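# Structural overview
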Amino acid sequence: MFRLKLVPDNSAFDFLRQLKVTASVSVLLVLASIGLFFVNGLNLGIDFRGGILLEARSDAPVDIADVRADLSRLALGDISIQSFGSERDVLIRVQRQEGDEKAQIAAIQRITKALGDAFDIRRTEFVGPTIGAELAEKGMLAVGCALLAIMIYIWFRFEWQFSIAAIIALSHDVLSTVGLFALVRFEFNLATVAAILTIAGYSINDTVVVFDRVRENLRKYKSWDQNKILNKSLNETLSRTVMTSVTTALALLAIIIFGGAVLRDFALAMLWGVTIGTYSSIFVAVGLISRFDLKRSDDEDSSAPVPEYER
């Protein structure tokens, strides 16, 4: 019976040998992400900047150029139109209008009239600037609290060195995801924040599996060099890490292809997060703890022999 193997049995890759290269790549990636954030900024959705959102369905395939031309005559400011789900559906985003709620309702009525009877308005949303600022603040607070809670959990589960390595690796993942959105200019909304929190959970799960094997091997092979123990731990968990990442990525690719515009940005963030989270669990988190002198318990036998490929 044929079995697909993405990682060979008894792999013996020397991950830490490439530590200087991977550390340089990670530093450059984080610096580039921060630079893109300050230079390009994020394409904030109406969740954060406020505005009007309409979902409409036409009786026939929609010509985006014609719809944009019709709505641009209304002089409502910045208008974004994109296909949604099928070629008959469109999402229309309009910047917040000057004035109170009545001004926003009037803008929605003008847009509906301009679209005509050929379109069925299926959903309308309006987010004011105060609510948008509050959502942005709570989104950042949610990410910050999640990272802090994860750091405390790792500290109690393992040791403080593991906690520092884990939080730096997670920050690396979060910052690179923000940098990706600043680069490609996809909409950054509450769904993206949810994706970032999900990425943090996925990445730390991967990291904990590796850390757990590191702790186990530190107790089992106390006579070994620390870097050999770390490499062995990474190789022992590599198959699980790769298979989990690949199967998750396949599901996310299906969402990107068939899920439509609303789910696309979320799935893109998740796909990047799965990729960068796998990388950071191997090279960033373990690379960082290799810089510390880790504690080795005295409660287990240390006479395990060193395999030939580890010498």
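### Here we look at the packing of helix α7 (residues 190-220) against helix α8 (residues 226-258)
- Interhelical geometry of α7 versus α8 gives an angle of 155 degrees and a closest axis separation of 9 Å. Between α7 and α8, the angle is such that the two are roughly antiparallel. Where α7 crosses over α8, the handedness of that crossing is right-handed. Residues Tyr202, Asn205, Asp206, Val209, Val210, Arg213, Val214, Asn217 and Leu218 of α7 pack against Ile229, Leu230, Lys232, Ser233, Leu234, Glu236, Thr237, Arg240, Thr241, Thr244, Ser245 and Thr248 of α8.
- Here the contact of α7 with α8 is composed, by residue class, of eight nonpolar, eight polar and five charged.

### A look at the packing of helix α6 (residues 160-184) against α7
- Two numbers describe how α6 lies on α7: the axes approach to 10 Å, and their chain directions differ by 145 degrees. Of the two possible hands of crossing, α6 and α7 adopt the one that is right-handed. Facing Phe162, Ala165, Ala166, Leu170, Asp173, Val174, Thr177, Val178 and Phe181 of α6, the residues of α7 in contact are Thr192, Ile196, Ile199, Ala200, Ser203, Ile204, Phe211 and Val214.
- Looking at the contact of α6 with α7 residue by residue, the classes come out as 13 nonpolar, three polar and one charged.

### A closer look at the environment of valine 39
- Looking at where valine 39 falls in the secondary structure, it is placed in helix α1 (residues 19-39).
- Along the sequence, valine 39 and alanine 182 sit 143 residues apart, while their C-alpha atoms lie 8.7 Å from each other.

### Comments concerning helix α3 (residues 64-72)
- Turning to α3, its buried residues are Ile64, Val67 and Leu71. On an axial view of α3, the arc spanned by its buried residues comes to 65 degrees, and they lie on one face.

### Looking at the pattern of salt bridges
- Enumeration according to the criterion identifies seven salt bridges in this entry.
- The salt bridge partner of aspartate 206 is arginine 240, with a shortest N-O separation of 2.5 Å. With aspartate 206 in helix α7 and arginine 240 in helix α8, this residue pair connects regions lying 34 residues apart in the sequence.
- Taking the relative accessible area as the measure of exposure, aspartate 206 reaches 1% and is therefore buried.
- A salt bridge links glutamate 236 to lysine 232, with the shortest nitrogen-to-oxygen separation between them at 3.1 Å. In this pair, glutamate 236 and lysine 232 both sit in helix α8, four residues apart, roughly one turn of the helix.
- When salt bridges with common partners are traced through the structure, they connect Arg213, Glu216, Lys232 and Glu236 into a single cluster.

Reading the values: rules and limits
- Residues numbered from 1 in each chain as written.
- Predicted model: local features only at pLDDT ≥ 70, side-chain atom pairs only at ≥ 80, totals over all residues.
- Heavy atoms only, no water.
- Axes fitted to C-alpha atoms, helices over the stretch in contact; angles between N-to-C directions.
- Helix = DSSP H or I, 4+ residues; strand = E, 2+ residues; numbered from the N terminus.
- Parallel < 35°, antiparallel > 145°, perpendicular 65-115°, else oblique.
- Left-handed = near helix turned anticlockwise from the far one by under 90°.
- Contact = heavy atoms within 4.5 Å.
- Nonpolar A, V, L, I, M, F, W, Y, C, P; charged D, E, K, R; others polar.
- Buried < 20%, exposed > 50% of the residue type's maximum accessible area, 1.4 Å probe, protein only.
- Arc of directions from axis to C-beta.
- Salt bridge = Lys/Arg side-chain N within 4 Å of Asp/Glu carboxyl O.

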